[in-house]
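The chain contents come next:
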Amino acid sequence: MFRNSSIIFLLVLFSCMQLNAQQKSAIPDEQLESMHIKFKEIQADAAAQKKFDKALEGSVDEMMHSLNAWLKKKKEAQHSADIHYQPGYNHKPGEMNLFPIWEEIPGPVPSLPEAKQTDFIARYQTYINKVTVLKKQLSDMVHQHLDNNRSNKQQMIEDQNALSNKNGIVQQMGGANAIKNMSDKERKQAAKNAGENMKTNSGATTGLKNAGMNEMARKMMSDPSYREFYNKMTAAQKEAELKKFMGTTMDERNDKAFEASINNRNNTYSAANVELLLGECLQQMQEAAKPYAEGTELANNFFNSIYKSIDDWYKRTYEKLPETNAREKIGHHILIRCKETILYAYHKKEAVTRTILWNLLKNNTKISFGKLNDYIGNYPWGKTKNAGLVDGNYTEPKLALAVNSIYDEMIRMTGEAERVTWLFKEQQQQYELALQ
């Protein structure tokens, strides 16, 4: 029978472990050996077994004190960001909206007994199939819309020539069509002539009308030492250098062209705005992943250290067990049960930790692509007609590519949730097998 004095000794043992837990995550051999001794004593006493399990769980919580404090802080920060987030656009029925499908991503199952009973096809594969269909629908839509624009071979050649003819060097060489019909010798001579002209008349290739600016451009192009000197200047020094060349001259006014350039920059669906949006979302998604990455590293270091100390202790203790004449280890079965009981206590905590980290990544990432989600809801999908594809101003394919990457992330996160749930299931099965 497990005596009261043994219970008191066990609780004192765990108190010592709790003090040590604040210093390091590995468990000393002497503490594990004491647990082994007590575990052997309680095998015939169910009440004592429950007290042992409760004391063990308390000691695990103390060992995890620092990690749990970090998780709590990150969860509070994420919750605050979530409740303060306000979408910039209210999606109407039928408009593209990534948030609802993102929220449906199935997470890990943090309870080991429940993980063992999980229907993985219904929970994970069904969702992956759903997102895969959405990816296919998006691809079909983009290809259908491409047919309404300048996507055939001849149109793209014409548009490429027109784009090339806007280049000052190409203009100096006679234009894209002229270059295409030149021999290699003629092309080299034309390029040489254009280069000479660029050195003496930089305005021919830069398009600058200000004489001072042209002089500065010419010097930058022809004098490597000056170019290096200029690149090392501060922003203020560069501005002063620019003013020195410009003097008091003013560019010739062209209000119509100026207004056109402003309108192009302010166009909501312009290529420049799309690039800025996607760049901002990418940066925010990278920031959103940092708590997950940091927490995963902390968890890996903590649990790997714990499991290694348990495994090392088990191997050394196994070697010390007495043997029968048949060279069978006496007490091996109880040693395995003890080891698996301790491991199981940590596996349960690890399952909760991994799930918290997964949810941090899911929730933080959703907020990080909020502007993209606003943008695609109000985007004129399929309304652009006869747009060229070679100058980068037809933004629908690029935007669709960004949406597709979010779909891919949904599938990736689902796969990660499925992977760790399989791990939790195996840990439950391993524990049950050890107790047989």
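Anything mentioned here points back to the structure above.
The structure reproduced in this document is the subject of the present report.

About the cut-offs
Residues numbered from 1 in each chain as written. Predicted model: local features only at pLDDT ≥ 70, side-chain atom pairs only at ≥ 80, totals over all residues. Heavy atoms only, no water. Helix = DSSP H or I, 4+ residues; strand = E, 2+ residues; numbered from the N terminus. Buried < 20%, exposed > 50% of the residue type's maximum accessible area, 1.4 Å probe, protein only. Contact = heavy atoms within 4.5 Å. Areas by Shrake-Rupley, 256 points an atom, 1.4 Å probe, with all protein chains shown as cover. Axes fitted to C-alpha atoms, helices over the stretch in contact; angles between N-to-C directions. Parallel < 35°, antiparallel > 145°, perpendicular 65-115°, else oblique. Left-handed = near helix turned anticlockwise from the far one by under 90°. Salt bridge = Lys/Arg side-chain N within 4 Å of Asp/Glu carboxyl O. Expected span 1.5 Å × (residues − 1). Arc of directions from axis to C-beta. Phe/Tyr/Trp six-rings, centres within 6.5 Å; stacked < 30°, edge-to-face > 60°. Lys NZ or Arg CZ within 6 Å of the ring centre and 35° of its normal. Core = buried A, V, L, I, M, F, W, Y, C linked by side-chain atoms within 4.5 Å.

Some details on the overall build of the protein
- Per the secondary structure count, the protein includes 21 helices and zero strands.
- Across the 436 residues in the protein, those meeting the buried criterion constitute 40%.
- Partitioning the intrachain contacts of the protein with sequence separation of at least 6 by distance along the chain shows that 74% fall at a separation of at least 24.
- Total accessible area on the protein is roughly 25400 Å²; 53% of this is exposed by carbon and sulfur atoms.

Considering unusual backbone geometry
- Phi at Arg327 is positive, roughly 65 degrees, even though this residue is not glycine.
- Here Arg327 falls in the exposed class, since its relative accessible area comes to 64%.

Considering the packing of helix H17 (residues 271-288) against helix H21 (residues 396-434)
- At a minimum axis separation of 10 Å, H17 and H21 run at an interaxial angle of 15 degrees. Between H17 and H21, the interaxial angle falls into the category roughly parallel. Judged by the twist between their axes, the crossing of H17 over H21 is left-handed. Together, Val274, Glu275, Leu278 and Met285 of H17 and Lys398, Leu399, Ala402 and Ile406 of H21 make up the contact between the two elements.

With respect to the pattern of salt bridges
- Under the definition given, this model contains 18 salt bridges.
- The partner of Asp408 in a salt bridge is Lys135, with the nearest N and O atoms 2.8 Å apart. With Asp408 in helix H21 and Lys135 in helix H7 (residues 120-146), this pair connects stretches of sequence that are 273 residues apart.
- Taking the relative accessible area as the measure of exposure, Asp408 reaches 36% and is therefore partly exposed.

Focus: helix H4 (residues 65-84)
- For H4, spanning 20 residues, the distance from its first C-alpha to its last is 29 Å, which sits close to the expected 28 Å at 1.5 Å a residue.
- Residues Leu67, Trp70, Leu71 and Gln78 constitute the buried set of H4. Along the axis of H4, the buried residues cluster in a sector spanning 95 degrees; they form a single face. Structural note: H4 exposes Ser66, Lys72, Lys73, Ile83 and His84 on the side pointing more than 90 degrees away from its buried face.
- In this structure, the buried residues of H4 make contact with helix H18 (290-320) and helix H19 (332-368).

Here's the deal with the packing of aromatic side chains
- Per the stated rule, a full pass over the model turns up 12 aromatic pairs.
- Between the aromatic rings of Phe120 and Tyr124, the centroid separation amounts to 5.9 Å while the plane-to-plane angle is 35 degrees, which identifies the pairing as tilted. Of this pair, Phe120 and Tyr124 both sit in helix H7, four residues apart, which is roughly one turn of the helix. Tyr124 shares its class with Phe120; the two are buried.
- Relative to Phe229, the ring of Tyr226 has its centre 6.3 Å away and its plane inclined at 45 degrees; by these criteria the two rings are tilted. With Tyr226 and Phe229 both in helix H14 (residues 224-231), this residue pair falls three residues apart, about one helical turn.
- Directly above the aromatic system of Tyr314 lies the positively charged group of Lys339, at a separation of 4.3 Å from the ring centroid.
- Taking the ring centre of Phe99 as reference, the NZ or CZ of Lys366 above it sits at 4.9 Å.

Topic: the nonpolar core
- Ranked by internal contacts, the top residues of the largest apolar core, which has 41 residues, are Leu98, Leu372, Ile376, Leu399 and Met410.
- Elements represented by at least two residues in this core include exactly helix H5 (99-103), helix H6 (112-116), H7, H17, H19, helix H20 (370-377) and H21.
- At 12 residues, H21 tops the list of elements feeding residues into this core.
- Ile376 has contacts with Met96, Leu98, Trp381, Leu399 and Val403, leaving out every residue within four places of it along the chain.
- Formed by 31 residues, the second largest nonpolar core is a distinct cluster that contains Met35, Leu56, Met63 and Leu71.

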